[in-house]
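Here are the chains, one letter per residue:
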Amino acid sequence: MALEAVEAGDVRFRRTAIGEDAYVSREKIQRQAPTIWPETVQRLVAEGLLHQDTSENLYRPGQLLSLTPQGEAALRDARATTTRVSAALGRSTTPASSGALARSAAAPVARTPATSSRSR
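What counts, and at which threshold
Residues numbered from 1 in each chain as written. Predicted model: local features only at pLDDT ≥ 70, side-chain atom pairs only at ≥ 80, totals over all residues. Heavy atoms only, no water. Buried < 20%, exposed > 50% of the residue type's maximum accessible area, 1.4 Å probe, protein only. Helix = DSSP H or I, 4+ residues; strand = E, 2+ residues; numbered from the N terminus. Pairing = 2+ DSSP bridges. pLDDT = per-residue confidence, 0-100. Contact = heavy atoms within 4.5 Å. Salt bridge = Lys/Arg side-chain N within 4 Å of Asp/Glu carboxyl O.

What about the pairing of strand β4 (residues 63-67)?
Then, in step 1: Only one face of β4 is covered, namely the one carrying Gln63, Leu65 and Leu67; the face carrying Leu64 and Ser66 has none of its residues buried.
Then, in step 2: When strand β1 (residues 11-15) meets β4, the two strands line up antiparallel, connected through two bridges. Counted as the bridge partner of Arg12 is Leu64 from β4.
Then, in step 3: As defined by bridge partners, strand β3 (residues 50-52) adjoins β4 across three bridges and the pair is classed as antiparallel. Along β4, the bridge assignment pairs Gln52 with Leu65.

Structural data, given as structure tokens:
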């Protein structure tokens, strides 16, 4: 999700002036956009998936993040995997109201009488 947000644009890594706390800001906030944690950004930069523009000030305006070629490839692979999994799940699910599943759900459950065969 962090890679998708960076792909959408204008994601910046910043620090607060008081306390030096790191945070990630987005100018274009997508609807229901997930939070991107600074630790996630640092890990993705270390893995070579994101580029952090260190020529910009860390406080204002913040360091712009962009995808590296490896990050673009990882995002493409993730999307392809998601598409394949969704397609496979779509083919493998059957409606609950058809076939044997519906008949077995409608059948009463046989109950056995309770016995006191437990020993102490």
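A word on the confidence of the model for the chain
Parts of the prediction with low pLDDT should not have their coordinates interpreted in detail.
Then, in step 1: When the pLDDT values of the chain are averaged, the result is 80; 72% of them are 70 or greater.
Then, in step 2: Across the chain, β3 holds the top mean pLDDT of 97, while helix α4 (residues 99-106) sits lowest at 47.
Then, in step 3: Contacts from residues 100-107, a stretch scored under 50 in pLDDT, to residues over four places away or in other chains number three contacts.

Some words on the pattern of salt bridges
When charged atoms on two side chains of opposite charge get close, those side chains can pair.
Then, in step 1: Applying the stated criterion to the full structure yields four salt bridges.
Then, in step 2: In this structure, Arg79 and Glu4 form a salt bridge, with 3.9 Å as the shortest nitrogen-oxygen distance. With Arg79 in helix α3 (residues 69-92) and Glu4 in helix α1 (residues 2-8), this residue pair connects regions lying 75 residues apart in the sequence.
Then, in step 3: A salt bridge links Arg43 to Glu47; its shortest N-O distance comes to 3.5 Å.
Then, in step 4: Taking the relative accessible area as the measure of exposure, Arg43 reaches 43% and is therefore partly exposed.
Then, in step 5: Owing to a relative accessible area of 46%, Glu47 belongs among the partly exposed residues under this scheme.
Then, in step 6: By sharing partners, the salt bridges in this structure join Glu4, Glu7 and Arg79 into a single network.

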